[in-house]
Amino acid sequence: MAAAVRINLLPHREQKRQARQRQFVSLAVSLAVLALGVVALVHGLLNAQIENQRSRNQLLKTEIAKLDEQIKEIDRLRDQIQAVLARKQVVETLQANRSEAVHLLDQLVRQLPDGIYLKSVKQVGPKVTISGYAQSNARVSTLMRNIESSPWLGNPELVEIKLVPAPGVPPARGLTINEFILNFMVKRAAPTDAPAPTKAAAPAKAAAPAKAPASAPPAKAKASLPTSKRVA
């Protein structure tokens, strides 16, 4: 007996097509869901990193602000230290030079030869300006040499010397005298190994033409000019 032939009269091709469509749709939906999940995960990670970076930036800003305050405080302390050091330097300078006026007047008395009368002494820092009267130009030269050899004074510089009527003397007598202005410097640091010159030793080095003794009392020289002063 011959085998029966089976004929599928159902639309199998349509069914397979629909099955493939359903598989494709399900696969597309799965891929879309997976892609959305990946996007959400990446977005979450990026947001977490951004928030972490923001918090770190805020922490850095806070620390920077604290450091700025500390820097300002350090600057204020540095300014205060500089001010204290400046005052300390001034005090040390005054302490070192507190006897400067004493040495200046002492040296003026010691180095001033006879025949010279001072009318003013002015000091600005280490520079001293003296003005007065001299019986001759040689007396002024002697004074400059004495100042140059002094351990406390130095750098004498003659500014002006001129012949003027003698002060306190009637003009009718025609008595004239040399008026001079002299600058010199006071040595801030006194020499430690140089002893102070005696009153007789300083004029002995200066060969004055008048050969006035250094130990002669000032009163004898003042007798010719009764109105002038030794140191004004």
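Relevant structure appears above.
Keep in mind it's a predicted model, so treat the numbers as computed, not measured. (Residues numbered from 1 in each chain as written. Predicted model: local features only at pLDDT ≥ 70, side-chain atom pairs only at ≥ 80, totals over all residues. Heavy atoms only, no water.)

A.B. asks: How should I be thinking about the overall build of the protein chain in this particular structure?
C.D. replies: For the protein chain, the helix and strand inventory stands at five helices and four strands. Helices and strands in the protein chain line up, N terminus first, as α-α-β-β-α-β-β-α-α. Long-range pairs, those at least 24 residues apart, make up 67% of the contacts in the protein chain with a sequence separation of at least 6. Carbon and sulfur atoms make up 62% of the accessible area of the protein chain, which amounts to about 16600 Å² in all. (Helix = DSSP H or I, 4+ residues; strand = E, 2+ residues; numbered from the N terminus. Contact = heavy atoms within 4.5 Å. Areas by Shrake-Rupley, 256 points an atom, 1.4 Å probe, with all protein chains shown as cover.)

A.B. asks: So what exactly am I meant to see when it comes to the pattern of salt bridges here?
C.D. replies: A side chain with one charge may pair with a side chain of the opposite charge, provided their charged atoms come close. Applying the stated rule across the entire model yields nine salt bridges. One salt bridge connects Lys-119 with Glu-179, and the closest N-O pair in it is separated by 2.4 Å. Of the two residues, Lys-119 sits in strand 1 (residues 116-124) while Glu-179 sits in strand 4 (residues 176-186), which places them 60 residues apart along the sequence. Take Glu-179: its relative accessible area is 16%, and that puts it in the buried class. Lys-162 serves as the salt-bridge partner of Glu-160, at 3.8 Å between the closest nitrogen and oxygen. A relative accessible area of 34% means that Glu-160 is categorised as partly exposed. (Salt bridge = Lys/Arg side-chain N within 4 Å of Asp/Glu carboxyl O. Buried < 20%, exposed > 50% of the residue type's maximum accessible area, 1.4 Å probe, protein only.)

A.B. asks: Looking at this model, I keep getting lost on helix 3 (residues 137-148). Mind explaining?
C.D. replies: Side chains three or four residues apart in an α-helix point the same way, a direct result of the helix having 3.6 residues per turn. For helix 3, spanning twelve residues, the distance from its first C-alpha to its last is 17 Å, which sits close to the expected 16 Å at 1.5 Å a residue. Buried within helix 3 we find Arg-139, Val-140, Thr-142, Leu-143, Asn-146 and Ile-147. Across the axial projection of helix 3, the buried residues extend over an arc of 160°, all falling on one side. (Expected span 1.5 Å × (residues − 1). Arc of directions from axis to C-beta.)

A.B. asks: Explain the nonpolar core to me, please; I cannot follow it from the model alone.
C.D. replies: Across soluble globular proteins, nonpolar side chains have a tendency to be buried as a group. Judged by nonpolar contacts, the single largest core of 17 residues is most densely connected at Ile-130, Leu-143, Phe-180 and Phe-184. Those elements giving two or more residues to this core turn out to be helix 2 (100-111), strand 1, strand 2 (127-134), helix 3 and strand 4. Counting residues per element, this core draws most heavily on strand 4, at four residues. Setting aside anything within four residues of it in sequence, one finds Ile-130 in contact with Leu-118, Ser-120, Val-121, Leu-143, Phe-180, Ile-181, Leu-182 and Phe-184. Counting five residues, the second-largest nonpolar core is a separate cluster that includes Tyr-133, Val-164, Ala-166 and Val-169. (Core = buried A, V, L, I, M, F, W, Y, C linked by side-chain atoms within 4.5 Å.)

A.B. asks: Can you help me understand a nonpolar patch on the surface in this one?
C.D. replies: A cluster of nonpolar residues, Leu-27, Leu-31, Leu-34, Val-38, Val-42, Leu-46 and Ile-50, forms a patch on the protein surface that exposes about 630 Å² of accessible area. The residue Leu-46 is located in helix 1 (residues 12-96) in this model. (Patch = residues over 30% accessible without salt bridge, like charges linked within 9 Å, V, L, I, M, F, W, Y side chains within 5 Å.)

A.B. asks: Before we go on, may I ask you to explain the side chain of Glu-179 in this structure?
C.D. replies: Side chain to side chain, Glu-179 and Lys-119 meet in a polar contact 2.4 Å long. Those residues in contact with Glu-179 that lie beyond four places of it in its chain are Lys-119, Gly-132, Tyr-133, Glu-160, Ile-161, Lys-162 and Val-164. (Polar contact = N/O pair within 3.5 Å; in protein donor to acceptor, adjacent residues only side chain to side chain.)

A.B. asks: Teacher, can you tell me more about the pairing of strand 2 here?
C.D. replies: Regular strands place their side chains on alternate faces of the sheet. Counted residue by residue, strand 2 has six buried out of eight residues, so it is predominantly covered. Here eight bridges tie strand 1 to strand 2, and the two strands are oriented antiparallel to one another. Bridge pairing links Val-121 to Ile-130 in strand 2. The loop that links strand 1 with its antiparallel partner strand 2 comprises two residues; one of these, Gly-125, has a positive phi angle of about 65°. Both strand 2 and strand 4 contribute to a ladder of eight bridges, which runs antiparallel. Within the sheet, the bridge partner assigned to Tyr-133 lies in strand 4 and is Glu-179. (Pairing = 2+ DSSP bridges.)

A.B. asks: I keep staring at unusual backbone geometry and nothing clicks. Help me out?
C.D. replies: Phi is mostly negative for residues that are not glycine, and the peptide bonds are mostly trans. Phi is positive for Asn-155, which is not a glycine, with a value near 55°. With respect to the secondary-structure elements, Asn-155 resides in strand 3 (residues 153-165). What makes Asn-155 exposed here is its relative accessible area of 55%.

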